[in-house]
Amino acid sequence: MRNEDTTGAASSVVIEPTETQNYVIPLRYRQMENLHIVFWLFKDISWCLIWKPLGIIMIVPTFIISLVIAWRTRQYMSELCHNIAISVWIAANSYWMISEFFEFDSKIVVGEITYKHLALIPFFTGVLILAYYYIYWKPLHKNEPETM
C-alpha cells in the first residue's frame, strides 16, 4: 500500500505481508545470477581438470558477482544472510582450489592441521551467518516480509 500526500508524491511505502505476497527478482538481476552460475561452474571444472589459469581467473567474477548479489538483496535479511554465506563458501572453495593447484594443501600449519583445513574458517563463517539468521533473527522478526 502506498500513502500519498496532497501533492501526489509518495510519502512512505508500507509492505503488508500476505500469504500471496511474491518475491520478484528483476530480469537484470536474474541474468547476473545465471551468469554467476556459469562462472562458478567454469571455476570448478577448471579445478577438476587442473586448468590453473582459468580456475584462478574465474575466482574473480564468481566472487565479485556473489558480493553484488548479496548487496542487491540486502533489504531482505533472509536473502542477505544466504547470499553472504554463498560468498564465503566461494571464498573457501577458491582458497581450497588454490591450495591444491600450488600443492600446499597437505602441508602442516600446526599439529595435524593442514593448509587445506584453513578453508574451514570461511565455511564455518557461512554456517554461523545462517545460524544467526535461523536461530536469532528470524524468530525475533516473525512478521517481516521475507523470502524464506
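In this report, the structure presented in the accompanying data block is examined. (Residues numbered from 1 in each chain as written. Predicted model: local features only at pLDDT ≥ 70, side-chain atom pairs only at ≥ 80, totals over all residues. Heavy atoms only, no water.)

## Focus: the packing of helix α3 (residues 77-101) against helix α4 (residues 120-140)
- Two numbers describe how α3 lies on α4: the axes approach to 7 Å, and their chain directions differ by 165°. Our classification of the angle between α3 and α4 gives roughly antiparallel. Classified by chirality, the crossing of α4 by α3 is left-handed. Touching M77, S78, C81, H82, I84, A85, V88, W89, A92, N93 and W96 of α3 are P122, F123, T125, G126, I129, L130, Y132, Y133, Y134 and W137, all from α4.
- For the contact of α3 with α4, the per-class residue count stands at 16 nonpolar, 5 polar and no charged. (Axes fitted to C-alpha atoms, helices over the stretch in contact; angles between N-to-C directions. Helix = DSSP H or I, 4+ residues; strand = E, 2+ residues; numbered from the N terminus. Parallel < 35°, antiparallel > 145°, perpendicular 65-115°, else oblique. Left-handed = near helix turned anticlockwise from the far one by under 90°. Contact = heavy atoms within 4.5 Å. Nonpolar A, V, L, I, M, F, W, Y, C, P; charged D, E, K, R; others polar.)

## What to know about a nonpolar patch on the surface
- Residues V109, V110, I113, Y115, L118 and I121 make up a contiguous nonpolar surface patch of about 480 Å² in total accessible area.
- Along the chain, Y115 falls in the loop between β4 (113-114) and α4. (Patch = residues over 30% accessible without salt bridge, like charges linked within 9 Å, V, L, I, M, F, W, Y side chains within 5 Å. Areas by Shrake-Rupley, 256 points an atom, 1.4 Å probe, with all protein chains shown as cover. Salt bridge = Lys/Arg side-chain N within 4 Å of Asp/Glu carboxyl O.)

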